[in-house]
Amino acid sequence: MGQKKDLTGSEKSKIVRYLAEGCSSLKIAKLLKRDHRTIKRFIQNSQQGRKKRVEKPRRKITAHELRKVKRAAAKMPLATSLAIFQSCNITGVPKSTRCAILRDMAKVRKAERRPPLNKTHKLKRQDWAKKHLKTGFSKVLWTDEMRVSLDGPDGWARGWIGKGQRAPVRLRRQQGGGGVLVWAGIIKDELVGPFRVEDGVKLNSQSYCQFLEDTFFKQWYRKKSASFKKNMIFMQDNAPSHASKYSTAWLARKGIKEEKLMTWPPCSPDTNPIENLWPIIKCEIYKEGKQYTSLNSVWEAVVAAARNVDGEQIKTPTESMDGRLLSVLAKKGGYIGH
């Protein structure tokens, strides 16, 4: 009966069971054919238990220090709680306390990704805002494209898991498993589309115009009255396929020209109300970290989510345009929240 260093998990379970049955450590050593000293050491260590955690007295934060923390949080966006407190010369505060204090005055957010604005961009944004201060935005059709992948954003696949349960397995695929390009528009309280760009088609000027012909014009625009077509203003961003001479001339032949085709300022996704629609659809199709196995299945999910968007969810951003223009002017062409 040789001495072994470590007990297996199975042996530890048996020791606990034998002890409950009233067996002595010597008898257990004979039953398991282990050295008596090994068994005694395990029993002694088990009986000692964990050392009690010594609670350190927490540092009290004064009202003056709280004001300093609030000012520092405003001046240091995306900083850690430790960096904020250190900038205020407040030390000895545990992380849990720092976070609890900051939670009452700030929120954890990711940095927003936006193209940089130079001086020319800001001037053009201001000119555009001044030009459309008297525009009736209820007649503007706001359009844009969105790409949806099979996997969705990584950060959204998070949620509560019950104790004792394992987290579901999540597939990892290149480029999110591939995706579908979706085009849609909103006008007043109506959703136009969504329409799916054919898989594998790269949107250049010719394919973009053909796409609009097959979807937007044939399936929606042609059904509208002459008075509606006369008053509608078509908005699209400055993507190369949208702003090219070919596309502009093609739209003009369709009757969308001059004042009926809105000139769009550079780098201005924040002023396009349809940008508020995409998060609504994505939250629905990727809820609970859902993934898809085919492009058709994710497209079906987009269509289903679009059907559930009600008129009020569309009306709210389209009616916010007057406020957005004023914000652009107030910020001298800078970015605004949307």
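Anything mentioned here points back to the structure above.
Keep in mind the model is a prediction, meaning the values are calculated, not measured.

*Asks:* Help me understand the packing of aromatic side chains, please; the structure alone is not making it clear to me.
*Replies:* Two descriptors summarise a pair of aromatic rings, namely the distance from one centre to the other and the angle between the planes of the rings. What the rule picks out here adds up to 14 aromatic pairs. When the ring of W142 is compared with that of W264, the centres are 6.2 Å apart and the planes differ by 70°; the resulting orientation is edge-to-face. Here W142 is found in strand 1 (residues 140-149), whereas its partner W264 is found in the loop between helix 11 (245-253) and helix 12 (277-285), with 122 residues between them in sequence. Residue W142 is classed as buried on the basis of its relative accessible area, which comes to 0%. With a centroid separation of 5.2 Å and an interplanar angle of 80°, the aromatic rings of F217 and Y221 are classed as edge-to-face.

*Asks:* In this structure, what is going on with the sheet that holds strand 3 (residues 190-196)? I would like to understand it.
*Replies:* What holds strands together in a sheet is hydrogen bonding between their backbones, with the strands either parallel or antiparallel. Across the sheet, four strands lie side by side as 3-2-1-4; this open sheet has mixed pairing. Both outer strands of the open sheet, strand 3 and strand 4 (233-235), are each paired with one neighbouring strand and no more. Each strand of the sheet is rotated relative to its neighbour by a mean of 25°, with strand direction disregarded. By the bridge criterion, three bridges tie strand 1 to strand 4 in an arrangement that is parallel. The residue of strand 4 that forms the bridge with L141 is F234. Helix-sheet contacts for helix 8 (residues 205-219) involve strand 1, strand 2 (179-187), strand 3 and strand 4, and the interaxial angle to strand 3 is about 135°.

*Asks:* Would you take a moment to explain the layout of surface pockets for this structure?
*Replies:* Think of a ball as big as a water molecule: rolled over the atoms, this probe shows where empty space is left. Size it by volume and the second largest pocket reaches roughly 530 Å³. Taken together, 19 residues make up the lining of the second largest pocket; nearest its centre are A79, I84, A106, K107 and V108. Breaking the lining of the second largest pocket down by element, the ones donating at least two residues are helix 4 (63-75), helix 5 (81-87) and helix 6 (95-103). It is helix 6 that provides the largest number of residues to the lining of the second largest pocket, a total of four residues.

Rules and cut-offs
Residues numbered from 1 in each chain as written. Predicted model: local features only at pLDDT ≥ 70, side-chain atom pairs only at ≥ 80, totals over all residues. Heavy atoms only, no water. Phe/Tyr/Trp six-rings, centres within 6.5 Å; stacked < 30°, edge-to-face > 60°. Helix = DSSP H or I, 4+ residues; strand = E, 2+ residues; numbered from the N terminus. Buried < 20%, exposed > 50% of the residue type's maximum accessible area, 1.4 Å probe, protein only. Pairing = 2+ DSSP bridges. Axes fitted to C-alpha atoms, helices over the stretch in contact; angles between N-to-C directions. Contact = heavy atoms within 4.5 Å. 1 Å grid on protein atoms, 1.4 Å probe; cavity = no way out; pocket = protein on both sides within 12 Å on 5 of 7 lines; lining within 4 Å. Points joined across faces, edges and corners; volume = space filled by probe spheres on them.

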